[in-house]
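Survey of secondary and tertiary structure
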Amino acid sequence: MLRIAIQAKGRLNEQSLGLLAEAGIVVAEGKRRLVVRAEGFPLEVLFLRDDDIPQTVAMGVADLGIVGLNEVEERGFPVERLMNLGFGSCRLSLAVPDKVAYTGLDYFRGRRVATSYPNILQRYFSERRIDARIHRIEGSVEIAPAVGISDAIFDIVSSGSTLISNGLTEVEQVLHSEAVLIGTPDLEEGKRREASQLMFRFNSILESRGMKYVLMNLPEEKIAEATALLPGMRSPTILPLAQKGWCSMHAVIGEKELWERIERLKAIGAEGILVLALENMIR
Ligand code: PRT
Ligand code: ZN
């Protein structure tokens, strides 16, 4: 049976379980042990520290894993990166004390940089021929400059408020990260098939995020104009109304462009516009 490793607790745990739940896979809470048999799909869920997920997947102890791209890149184990999952986004950045007049990467030559991600940082500096002194520390990296351990830090940033409250300025964004689905290379045929079924579910969930289902009544002579405003999956659906000369038009619109499109549809005569949540989009 397919086995997936997810974070036992921490920032990615809830959304990993949430994604599984949206895919119809329920993992019994409460009796949370190391391994739990899920319902709704032939799947075992292995709860681990995020640091251990890449290796566990590389070794084939778990066939799949949900973990931050930052961990995958740092650990460097041979795993297949299957898909981005659209949550847990953050970036790995270099930051220096506010008082530094930063002019570019040359600042780091010979300087001490504290980080929990020495491998990613070493690669970044090597590619740019910067010989900095990388100090590996676990946890509370942001206090290193203030206590005199380092001249700069390389750490995860999301809102940026941790940097601000520690008197640090983000100067280089090195890696953009989010939760990713990783897989053991060379999964056997049966498991590969199960994994692609799971990915099919994940994909349709991700595709439907931020999409709305829109219905409206429209004078028939405006169909061409309205169609040009509506992307839809292939093209909008048009159904006749009992009232002659009118039709009902259905389409899928991205949340970002929703209001702008609705204004324009109203302007050409659309009425009774309904906007509905979209649960899944299967192409
Ligand atoms: O116990 P375990 O080892 O499993 O968990 P952990 O403590 O190592 O990781 P956890 O749960 O903190 O984070 C898991 C993953 O979430 C990370 O590997 C990232 O991929 C992702 N992620 C997303 C983040 C953040 N956003 C984040 N903001 N991980 C950490 N942070 C921390 C960061 O270290 C810094 O201290 O939040 C602070 C910065 O946040 P802002 O918002 O102030 O900029
Ligand atoms: Zn960790």
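All of these numbers come straight from a predicted model, not from anything done at the bench.

In this section: the coordination of the zinc ion (ligand 2). Those protein atoms acting as donors to the zinc ion (ligand 2) are Asp50 (OD) and Asp51 (OD), and they sit at 2.0 to 2.1 Å. Here the zinc ion (ligand 2) is ringed by 4 donor atoms whose angles at the metal span 73 to 177°, and the overall shape comes out irregular.

Let's shift gears to the domain arrangement of the protein. Domain annotation of the protein identifies domain 1 (2-86 + 178-207), domain 2 (90-176) and domain 3 (210-277). At the junction of the two partners, domain 1 supplies 6 residues and domain 2 supplies 10 residues. Regarding the contact of domain 1 and domain 2, the summed buried area is about 710 Å², with carbon and sulfur atoms giving 44% of it. On the domain 1 side of the interface with domain 2, the three residues burying the most area are Asn70, Glu73 and Glu74, jointly 73% of the side's total. Counting the contacts that link domain 1 with domain 2 gives 1 salt bridge. For the salt bridge of Glu73 with Arg123, the shortest nitrogen-to-oxygen distance reads 3.9 Å. Across the domain 1-domain 2 interface, the total number found is 5 residue pairs in polar contact (both at pLDDT 80 or more). Residue classes in the side of domain 1 that touches domain 2 are distributed as 1 nonpolar, 1 polar and 4 charged.

What follows deals with the pattern of salt bridges. Overall, the coordinates contain 19 salt bridges when judged by the stated rule. For the salt bridge of Glu138 with Arg136, the shortest nitrogen-to-oxygen distance reads 2.8 Å. Relative accessible area serves as the criterion here: at 55%, Glu138 is assigned to the exposed category. A network of salt bridges, in which partner residues are shared, links Arg49, Asp51, Glu71 and Arg75.

A few words on helix α1 (residues 13-22). A turn of α-helix holds 3.6 residues, and therefore any two residues three or four places apart point the same way. What α1 keeps buried is the set Asn13, Ser16, Leu17, Leu19 and Leu20. Looking straight down α1, one finds that the buried residues subtend no more than 155° of arc, so they occupy a single side. Packing partners of the buried residues in α1 comprise β1 (2-7), β3 (43-48), β4 (64-68) and α6 (189-208). Among the residues trailing α1, Gly24 stands out with phi positive, at a value near 80°.

One key point about sheets: their strands pair by backbone hydrogen bonds, in either a parallel or an antiparallel sense. Strand order in the open sheet formed by 6 strands is β2-β3-β1-β4-β11-β5, and the pairing between neighbours is mixed. Edge strands, defined here as strands with exactly one partner in the open sheet, are β2 (35-37) and β5 (80-84). The mean angle between the axes of side-by-side strands here comes to 25°, regardless of whether they run parallel or antiparallel. Both β1 and β3 contribute to a ladder of 6 bridges, which runs parallel. Pairing of Gln7 across the sheet is with Leu48, part of β3. Against the sheet, α1 makes contact with β1, β3 and β4, and its axis sits at roughly 175° relative to β3, the strand it touches most. Seen against the sheet, α6 touches β1, β3, β4, β5 and β11 (179-183) and runs at an angle of roughly 25° to β5.

The rules behind these values
- Residues numbered from 1 in each chain as written.
- Chains lettered and ligands numbered in written order.
- Predicted model: local features only at pLDDT ≥ 70, side-chain atom pairs only at ≥ 80, totals over all residues.
- Heavy atoms only, no water.
- Donors = N, O, S within 2.8 Å, 3.2 Å for Na, K, Ca; no water.
- Tetrahedral: all angles 85-135°; square planar, octahedral: opposite > 155°, others 65-115°.
- Domains from an automatic or database assignment.
- Contact = heavy atoms within 4.5 Å.
- Buried area = accessible area lost by both parts, 1.4 Å probe.
- Salt bridge = Lys/Arg side-chain N within 4 Å of Asp/Glu carboxyl O.
- Polar contact = N/O pair within 3.5 Å; in protein donor to acceptor, adjacent residues only side chain to side chain.
- Nonpolar A, V, L, I, M, F, W, Y, C, P; charged D, E, K, R; others polar.
- Buried < 20%, exposed > 50% of the residue type's maximum accessible area, 1.4 Å probe, protein only.
- Helix = DSSP H or I, 4+ residues; strand = E, 2+ residues; numbered from the N terminus.
- Arc of directions from axis to C-beta.
- Pairing = 2+ DSSP bridges.
- Axes fitted to C-alpha atoms, helices over the stretch in contact; angles between N-to-C directions.

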